[in-house]
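Overview (structure and organization)
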Amino acid sequence: MTQSRGRPTRWCSSGCKAAGEAEIRRLGTILAKFEEGRAVDALNGHTDQRRAEVIADLSGRLDRLYGVEVQEVAADE
Ligand SMILES: [Zn+2]
């Protein structure tokens with residue numbers, strides 16, 4: 001499959017698609033649990049930095065699986 005500029009990368013085969021979609025479901029389930037915990041924390045008036053980091057990490061991995069263009073920003077810029 002050819003990639004055109006600005007278009008998300010899509011699955012290269014049906015096996016690749018099935019594996020990718022299974023991973024999306026798995027990560028989505030985990031993310032929902034963490035977001036539920038964050039909502040409970042918010043109700044109790046506090047935030048959990050470690051949980052926020054995990055949510056950001058899971059969200060980034062899901063974005064990449066969905067084919068969202070992720071800017072890899074250089075740390076020293
Ligand atoms: Zn593939």
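Scroll up a little and you will see the structure.
Rules of the game
- Residues numbered from 1 in each chain as written.
- Predicted model: local features only at pLDDT ≥ 70, side-chain atom pairs only at ≥ 80, totals over all residues.
- Helix = DSSP H or I, 4+ residues; strand = E, 2+ residues; numbered from the N terminus.
- Buried ≥ 20, exposed ≤ 12 C-beta atoms within 10 Å, placed from the backbone.
- Contact = placed C-beta atoms within 7 Å.

Points about the overall build of the protein chain
Regarding its fold elements, the protein chain presents two helices and zero strands. Within the protein chain, the proportion of its 77 residues that are buried is 0%. Taking as baseline every contact in the protein chain between residues at least 6 positions apart, the subset at least 24 positions apart corresponds to 53%.

Comments concerning the environment of L65
Its location among the elements puts L65 in helix α2 (residues 49-66). C-beta crowding within 10 Å serves as the criterion here: with 14 such atoms nearby, L65 is assigned to the partly exposed category. Expressed as a C-alpha distance, the spacing of L65 and E21, which sit 44 residues apart in the sequence, is 8.2 Å. Filtering out sequence-adjacent residues up to four positions away, L65 remains in contact with G20, E23 and I24.

Take it as geometry only, folks, not as evidence of what the structure does.
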